[in-house]
Structure formats: C-alpha cells, structure tokens
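# Residue-level structure breakdown
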Amino acid sequence: MTARLLYVMDPMCSWCWGFAPVAEALIAQAQAAGVATRLVPGGLRSASTALDASTRRYILEHWQAVAEASGQTFRFDGALPEGFVYDTEPACRALVAARELDAERVWDLLGLIQRGFYEQGLDVTRAPQLVDLAEQAGFDRLGFSEALIRSETRAATVADFSWVQDLGIAGFPTLLAERNGQLALLTNGYQPLERLQPLLARWLQQAACA
C-alpha cells in the first residue's frame, strides 16, 4: 500500500497564503502517521503585461477578504506597485527546482516566498530574488540558480501545470489524498483546520487499515 498527500497550490495565490497554517498542520498530521506530502505548483497566473489600476484594486480587495477570513498578515502599503507583472510561473518553477534538489527543504522555500511576497512586498517574480530566498532556505546558491533555468526544470513545471489542468482543478489551495493511485479530494479551496483535521484523520485510518 502506498499513500501520500498532494498539495496543489501556487505560492502567489492569496488563499494559499491564508491556508498556509492549515496546510502546515495537516502535513504534520499526515507525517506523524507516516504519510508524506508532495508539493505540486499549479500555475495561478501567467502574465506578460503590467497590472492595470482596476485589476490591482480587485486583487487587493481579494487580499483583504483573505486576511479577514484567515488572520494571515498582508502588507498592503506599496503592494503590487505600478508596472508589476503578476506572473506566478517563476515562483512555481523555483518550487519545482527546490523539490528536485531537496524535497524536504522545498517547504522552507515555500514559506519564504509566501512571506516575502505577502508580508514584505518582495518581487518574487524575479529570478535573483528567488535565488536569494533559496539561499536563505539552505540551498546552494549556484546550484539552485542553475537548476532554476534548466530546461528540465521548465519542462517539469509545465508538466505539473498540465497535470493540474487535466484533473480539472480550478482553484487553489487543493489538497488530495492518494492511496494506491486513487485520488480523494480533501479540500478545494480554503477551509479552517477544525473542519479538515477529522477528514484527514479518517482517511489516514482507512489508509492504515488497507
């Protein structure tokens, strides 16, 4: 019997930031039962042009709603400055590179990217910033920098995006439980920990008995 969780998300998705403490607790719950979690970046936005004023206003209103629902901290002052291109592919690719280099340390980088973007206002669409954060997470700077631009990493990122799309996952965060190749949906979208812990506990019990 093989079992694992699949956490499908985007590091620049505000609801994923709101869900971060919940995800951390659920991943720890699964780990305590001997079940690992694989991080799957889903690709929230691909953009080539800067945000216009109305889109920026809409996103910041969305962030406010997430902050109120989750209690997570957002830096609104100076957020999404003029000229910002909201392209999440580089940050997703950074997580893919980290996952291939050190699957355990990828979680540290995820936290740094999320806190950097939402709490500190860092531009995590830029490769140099992502390399700085990876170094803070304990990755070798040169090795990570090379992995980030490697064609294999780009292809693996595209493959993750395609897998998520093929499953019909339309929103993040999504948490899937996989047992013997069969997927079960634990959540699609933000939910509080007290609602998800019992669901995961039941699935872990069933997985242990299978």
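Residues numbered from 1 in each chain as written. Predicted model: local features only at pLDDT ≥ 70, side-chain atom pairs only at ≥ 80, totals over all residues. Heavy atoms only, no water.

For a regular strand, side-chain orientation follows a simple rule: the groups alternate between the two sheet faces. Of all the seven residues making up strand 1 (residues 3-9), five are buried; the element is thus mostly covered by neighbouring parts of the structure. When strand 1 meets strand 3 (residues 174-179), the two strands line up antiparallel, connected through six bridges. Bridge assignment links Tyr7 to a residue of strand 3, and that residue is Leu175. A crossover connection joins strand 1 to the parallel strand 2 (residues 36-41) through helix 1 (residues 14-32); in handedness this β-α-β unit is right-handed. (Buried < 20%, exposed > 50% of the residue type's maximum accessible area, 1.4 Å probe, protein only. Helix = DSSP H or I, 4+ residues; strand = E, 2+ residues; numbered from the N terminus. Pairing = 2+ DSSP bridges. Right-handed = clockwise from strand over helix to strand, strands pointing away.)

Now for the pattern of salt bridges. A complete count under the given rule lists seven salt bridges for this structure. With a closest N to O distance of 3.3 Å, Glu100 and Arg99 form a salt bridge. Note that Arg141 and Glu135 form a salt bridge whose closest N and O atoms lie 2.9 Å from each other. Given a relative accessible area of 34%, Arg141 falls into the partly exposed group. (Salt bridge = Lys/Arg side-chain N within 4 Å of Asp/Glu carboxyl O.)

With that out of the way, let us pick up the packing of helix 3 (residues 89-101) against helix 6 (residues 141-149). Geometrically, a packed helix pair is captured by the angle between its two axes and the distance between the axes. Interaxial distance between helix 3 and helix 6 falls to 9 Å at its minimum, and their mutual angle equals 120°. For the element pair helix 3 / helix 6, the angle class is oblique. The way helix 3 lies across helix 6 gives a crossing that is right-handed. Here helix 3 contributes Pro90, Arg93, Ala94, Ala97, Ala98 and Leu101 to the contact with helix 6, which in turn contributes Gly143, Phe144, Ala147, Leu148 and Ile149. Looking at the contact of helix 3 with helix 6 residue by residue, the classes come out as nine nonpolar, one polar and one charged. (Axes fitted to C-alpha atoms, helices over the stretch in contact; angles between N-to-C directions. Parallel < 35°, antiparallel > 145°, perpendicular 65-115°, else oblique. Left-handed = near helix turned anticlockwise from the far one by under 90°. Contact = heavy atoms within 4.5 Å. Nonpolar A, V, L, I, M, F, W, Y, C, P; charged D, E, K, R; others polar.)

Looking now at the side chain of Gln191. Within the fold, Gln191 resides in the loop between strand 4 (182-188) and helix 8 (193-209). On the basis of relative accessibility, which here comes to 18%, the residue Gln191 falls in the buried class. For Gln191, the side chain forms a polar contact with the side chain of Thr187, separated by 3.0 Å. Residues in contact with Gln191, not counting those within four places in the same chain, are Phe19, Val22, Leu186 and Leu196. (Polar contact = N/O pair within 3.5 Å; in protein donor to acceptor, adjacent residues only side chain to side chain.)

Coordinates in, geometry out; function isn't part of it.
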